[in-house]
Amino acid sequence: MTTNAIWSDEPIKTADEDRFARTRFARLVAGTIDQVPVGAPSTVFGLVGPWGSGKSSIAALIAQNLPSSWIVQPFTPWAASGIAGLQLEFVAALDSALGGSRAEEQVARAALRRYVKWAKPLLAAVPVVGDALAESATTAADDFAERRPWSSEFDEMAKSLTDMGKRVLIVCDDIDRLDSSELLEFLKVVRLLGRFPNVHYLVAYDGDTVEDLLVSQGIAGRAASFMEKIVQHPFELPAIDQATRFQHISSALWATIEAHGTRLDDTGVNRLRDLADALTVGLATPRQIARFEQHLRVLAEMVPGEVDLLDFAAIAFLRLNHHDVYLALPGWSPTLRRGLREAGKDDISRLSESEWLTRVEETSRRADTSGVWATLQFLFPGLTSSMRSPLHDKAFADVAYSERYFSLGVASNDVSDVLIERVVASLVLDRRDETAENELTRLLREAHPSVARLAVRKARTQRQREKAHGHSVAQLVAYLTDRWRDAKPTAGSTDSPAQDLFEWLADEIVVAYASGEVDRGRILDEFGEEAALGLLLEVSAPLSAKRDETINRMLEDFAAFFSAQIAAPGAAALEPLGYLRLKLSLIGRALGDDAMRGILDEKVDGNPESFEAAAIAMVRIRSWHNGTDVRPELEFDHQAWRTSVSEEVRQRMLPSLPTDLGGEDVDMEDVSPENQRRVGIESARLSG
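Given the structure is predicted, the values throughout are model-derived calculations rather than measurements.

A.B. asks: I'm lost on the pattern of salt bridges in this one. Help?
C.D. replies: Side chains bearing opposite charge may pair, as long as their charged atoms lie close to each other. Across all of its chains, the model carries 36 salt bridges by this definition. Of the charged contacts in the structure, one is a salt bridge between Glu 355 and Arg 341, with a shortest N-O distance of 2.8 Å. One end of the pair, Glu 355, is in helix H16 (residues 353-363); the other, Arg 341, is in the loop between helix H15 (323-337) and H16, with 14 residues separating them in the sequence. For Arg 341, a relative accessible area of 23% corresponds to the partly exposed category. For Glu 526, the salt bridge identified is with Arg 485, shortest N-O distance 3.1 Å. Within this pair, whereas Glu 526 is found in helix H24 (residues 520-539), its partner Arg 485 is found in helix H22 (residues 474-487), the two being separated by 41 residues in sequence. Take Glu 526: its relative accessible area is 41%, and that puts it in the partly exposed class.

Now the structure itself:
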């Protein structure tokens, strides 16, 4: 593979550059052309194929495979400006082909100049290419009267070319780029200026395009036969076989995967094969394949690590070859994600496969939409299976990632996956990257809370992928602790990342406890009782649920510690009262409800002060949210009260509770300490 073949649309020049095994065909055509004997009348060979099929490259290979006895001269009609320029370009090409130093060649060049001088007025006057001015026609007629007959000039030119003893091949490339009038002018120029012995032509063109151009000039119904009179020996370019196309496309996909350091598991390899199959159908010509390779190699660098590379390649195919379908994808995606409508079901939210095929054909400007549906099926797996399966990482079908495939970047309301991967690797895998850590810190502090929450969720998910045994989590715990404290003032907001950080921190505390990096004392010193209790309750599923043994051991350690704390003499052991209910809840989670039953009996029985303190401790503050409005409200935990203090003790101690609490109705929205005391005492009395 050469740089030229990939990075430009220039034709190849040698067989070494031939990536599509066209050299054998070129040699066959060259051999056929070489069979034309010296002195034979002018012959026109055609090289016929659609745009992008490699006609220019094959023409170059044909020229390379002709013997040295041939003079090969390129003629590019579409490079000339206007009809007059086209005529001059042709004469220059033919003159250049005859430009040797031998006497015979010099005679031929002189004869050509006389012939052109004779034929030029005729070319200007023949009204094939629009209306010829009357003045031009009159001038041409006057000139004709003073000249020798055309046959005399032609014969003299022909004799000089025959005497030269060399054959000339004029290679006329891309005549289908001309407009209809220029095309007819080109054919006229070849007929009048160049149909001499030993001067032959290789004309490269797209048959359908040329036929359409001729039809637009009023040759409808006979365009094909018209070209048959011009081109005696047309050679249709062979299509690139499917195996060769698959090989190039598969290689391009693997090259992109390797360039980005991506690894594919067995599922990923199967996906690559499926995509290569789909694109092999849709990429049929060398130009299409080369453009796809270039597009993929260049644009994938704009989103390194931020998208699924195989999905990106599928989108690249649509962007390049079916741009209208590509532009329609944002609107189509919600329906495509739902899958296909099942036969016999009236589901207006979905379309059937035949309806999608019709929509694709109506949307794409290309007549051939091969490969489009298979590519859409690749991008939206639900189109091929009724089973709901998880999407692969960074999938185009994932709403959270689809915008990246269009914007070729990470939007302001999104978070870079590469940044997240760098931070997790820094904090967990000992690949220190302070730049990435600082960037994430800045994002968590300054970005919109919804973006900050997205960053935390992504980082936590990435952490699950990097569950590395043996690596310290101390750095991660320290980082999460600092970020949680940064976000803690916003914890009352519904879109604050504080709770997400706290939940993740709780998980990592368990890991650190299991590895011995922290113990109970260190956790309490670092976080205090309230935060430590919150962390423990985050990871303490009910005892009946399946729970990790490490969590059990940790919870039992803390439960024993708090049980001993509560059992200490005096009412002060229940302080601070706001934490008592949390401690009881933790003991119940760690040891079961039986461990909670009557746990406060010895503490409060016969001790009015402790009994009252325990009742007040059962009051909690709940927050009710209504948009930006947050309303606190007091609530008594009747279940914890009845479980932790037995009915017998409650009945014995209730008379000891104060009764002079005021006659007004209790205001549950008043969260002052005085009102919490009143709610606790009155609720305990009502609870019995």
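Having seen the model, we can carry on.
A.B. asks: Would you take a moment to explain the packing of aromatic side chains for this structure?
C.D. replies: For any pair of aromatic rings, geometry is given as the distance between the ring centres together with the angle between the planes. As enumerated under the stated definition, the model contains 12 aromatic pairs in all. Pairing Phe 611 with Trp 641 gives two aromatic rings, centres 5.3 Å apart and planes at 55 degrees, and the pair type is tilted. A residue pair is termed long-range when its members are at least 10 positions apart, and Phe 611 in helix H29 (residues 608-617) and Trp 641 in helix H30 (residues 638-644) qualify at 30 residues. Among the residues examined, Trp 641 registers a relative accessible area of 0% and is labelled buried. The structure contains a cluster of three or more aromatic residues connected by ring pairs, namely Tyr 326, Phe 380, Phe 396, Tyr 405 and Phe 406. Above the face of the Tyr 479 ring, Arg 483 is positioned so that its terminal group lies 4.9 Å from the ring centre.

A.B. asks: Please explain the environment of Asp 163 as it appears in this structure.
C.D. replies: Among the structural elements, Asp 163 can be located in helix H7 (residues 150-164). For Asp 163, a relative accessible area of 42% translates into the label partly exposed. Taking the C-alpha atoms as reference, Asp 163 lies 8.7 Å from Gly 39; in sequence the two are 124 residues apart.

A.B. asks: Mind showing me how you'd approach the sheet that holds strand E3 (residues 167-172) here?
C.D. replies: What holds strands together in a sheet is hydrogen bonding between their backbones, with the strands either parallel or antiparallel. Ordered in space as E2-E3-E4-E1-E5, the 5 strands form an open sheet in which the pairing is parallel. In this open sheet, the two strands that pair with only one neighbour each are strand E2 (70-75) and strand E5 (233-236). Geometrically, the sheet is characterised by an average inter-axis angle of 20 degrees between neighbouring strands, direction not taken into account. Note that strand E1 (residues 44-48) and strand E4 (residues 199-205) share 5 bridges and pair parallel. Along E4, the bridge assignment pairs Val 48 with Tyr 205. This element, helix H2 (residues 23-34), spans E1, E2, E3, E4 and E5 of the sheet and lies at about 175 degrees to E5. Across the sheet, helix H3 (residues 55-64) lies against E1, E2, E3 and E4, angled at about 135 degrees from E1, the strand it touches most.

A.B. asks: Just to check I follow, could you spell out the packing of helix H12 (residues 266-282) against helix H14 (residues 309-321) for this structure?
C.D. replies: If you want to describe how two helices pack, look at the angle between their axes and the distance between the axes. It is the contact of H12 with H14, at a shortest axis distance of 10 Å, that shows an interaxial angle of 10 degrees. Here H12 lies roughly parallel to H14, going by the angle between them. Across the interface between the two elements, Gly 268, Arg 271, Leu 272, Leu 275, Leu 279 and Gly 282 from H12 touch Leu 310, Asp 311, Ala 313, Ala 314 and Phe 317 from H14. In the contact of H12 with H14, the residues fall into 7 nonpolar, 2 polar and 2 charged.

A.B. asks: Can you walk me through the nonpolar core in this structure?
C.D. replies: Note that soluble globular proteins tend to have their nonpolar side chains buried in a common cluster. In this structure, Ile 523, Leu 600 and Trp 641 are the most contacted members of the largest nonpolar core, which totals 85 residues. Looking at this core, the element that brings in the most residues is helix H23 (residues 498-515), giving 10 residues. Residues within four places of Trp 641 in sequence aside, it is in contact with Phe 611, Ala 614, Ala 615, Met 618, Phe 636, Arg 650, Ala 684, Ser 687 and Gly 688. Counting 49 residues, the second-largest nonpolar core is a separate cluster that includes Ile 249, Val 325, Tyr 326 and Trp 373.

A.B. asks: Hey, could you run me through a negative patch on the surface in this one?
C.D. replies: A grouping of Asp 208, Glu 211, Asp 212 and Glu 236 is seen on the molecular surface, where their side chains present a negatively charged patch. For the negative patch, the element with the most residues is helix H9 (residues 207-219), which contributes 3 residues. One can find Asp 208 in helix H9.

A.B. asks: What's the story with the packing of H22 against H23 in this structure? I'm lost.
C.D. replies: Packing of H22 against H23 leaves a shortest axis separation of 9 Å and a crossing angle of 155 degrees. Our classification of the angle between H22 and H23 gives roughly antiparallel. The two elements H22 and H23 cross, and the hand of that crossing is left-handed. Of the residues in H23, those touching H22 at Leu 476, Val 477, Leu 480, Thr 481, Arg 483, Trp 484 and Ala 487 are Ala 498, Leu 501, Phe 502, Trp 504, Leu 505, Glu 508, Ile 509 and Ala 512. Residue composition of the contact of H22 with H23, grouped by class: 12 nonpolar, 1 polar and 2 charged.

A.B. asks: Even after reading the chapter, I still don't get helix H26 (residues 577-591), so can you show me in this structure?
C.D. replies: In this model, H26 (15 residues) spans 22 Å end to end at C-alpha, consistent with the 21 Å of a helix rising 1.5 Å per residue. Among the residues of H26, Leu 577, Leu 580, Arg 581, Leu 582, Lys 583, Leu 584, Leu 586, Ile 587, Gly 588 and Ala 590 are the ones counted as buried. Against H24, helix H25 (549-567), helix H27 (593-596), H29, strand E6 (619-626) and H30 lie the buried residues of H26. Looking at the residues trailing H26, positive phi occurs at Gly 592, about 100 degrees.

A.B. asks: Teacher, can you tell me more about the side chain of Asp 414 here?
C.D. replies: Among the secondary structure elements, Asp 414 is positioned in the loop between helix H18 (399-407) and helix H19 (417-428). Exposure remark for Asp 414: the relative accessible area of 12% places this residue in the buried category. A polar side-chain atom of Asp 414 sits 2.7 Å from a polar atom in the side chain of Arg 404. What Asp 414 contacts, discounting residues up to four positions off in sequence, is Ala 400, Arg 404, Val 451, Leu 454 and Lys 458.

A.B. asks: Please clarify how the confidence of the model for the protein chain should be interpreted in this entry.
C.D. replies: Parts of the model with low pLDDT should not have their predicted coordinates read in detail. Confidence in the prediction for the protein chain averages 84 pLDDT; 84% of positions are at 70 or higher. Below a pLDDT of 50 lies the segment residues 1-6, which in the model reaches 14 contacts outside its immediate sequence neighbourhood of four places, other chains included.

So, how was this worked out
All residue numbers refer to position in the chain's written sequence, counted from 1. Predicted model: local features are reported for residues with pLDDT of at least 70 only, side-chain atom pairs are reported and counted for 80 or more only, and whole-chain, interface and lining totals are derived from all residues. Values shown for side chains rest on all heavy atoms present in the structure; no hydrogens or waters enter the calculation. Each reported salt bridge corresponds to a side-chain nitrogen of Lys or Arg within 4 Å of a carboxyl oxygen of Asp or Glu. Secondary structure elements follow DSSP: runs of H or I no shorter than four residues count as helices, runs of E no shorter than two count as strands, and numbering proceeds from the N terminus. Think of it in three bands: with a 1.4 Å probe and only protein chains considered, a residue is buried below 20% of the maximum accessible area for its type, exposed above 50%, and partly exposed in between. In this analysis, rings of Phe, Tyr and Trp, with Trp reduced to its six-membered ring, are considered paired at centre separations within 6.5 Å, and the interplanar angle assigns stacked below 30 degrees, edge-to-face beyond 60, and tilted for intermediate values. Throughout this description, the term charge over a ring refers to an Arg CZ or Lys NZ atom that lies within 6 Å of the ring centre and within 35 degrees of the ring normal. Strands pair, by our definition, only if DSSP identifies at least two bridges between them. In this description, a line fitted to the C-alpha atoms serves as the axis of each element, helices being fitted only across the stretch in contact, and the angle between N-to-C directions of two axes falls anywhere from 0 to 180 degrees. Between two residues, a contact is recorded if the distance between any of their heavy atoms is within 4.5 Å. Oblique is the label for every angle not falling under 35 degrees (roughly parallel), over 145 degrees (roughly antiparallel), or within 65 to 115 degrees (roughly perpendicular). Each residue is assigned to one class: nonpolar for Ala, Val, Leu, Ile, Met, Phe, Trp, Tyr, Cys and Pro, charged for Asp, Glu, Lys and Arg, and polar for all the others, Gly among them. Nonpolar cores were defined as sets of buried Ala, Val, Leu, Ile, Met, Phe, Trp, Tyr and Cys residues, with membership established by side-chain atoms within 4.5 Å. In this analysis, a patch consists of residues with relative accessible area above 30% that form no salt bridge, clustered at 9 Å for like charges and at 5 Å for the nonpolar side chains Val, Leu, Ile, Met, Phe, Trp and Tyr. All accessible-area figures derive from a Shrake-Rupley calculation using a 1.4 Å probe, and residue coverage is judged against the displayed protein chains alone. Only four residue types enter the charge count: Lys and Arg as positive, Asp and Glu as negative, with His and the chain ends excluded. We put the charge of a Lys on NZ, of an Arg on CZ, of an Asp on CG and of a Glu on CD. Should the near helix be turned anticlockwise from the far one by less than a right angle, the crossing is left-handed, and should it be turned clockwise, the crossing is right-handed. For a helix, the expected span equals 1.5 Å multiplied by the number of residues minus one. Polar contact criterion, stated in full: a pair of N or O atoms within 3.5 Å, where within protein one must be able to donate a hydrogen and the other to accept it, and residues adjacent in sequence count only if both atoms are side-chain atoms. pLDDT expresses, on a scale from 0 to 100, how confident the predictor is about each individual residue.

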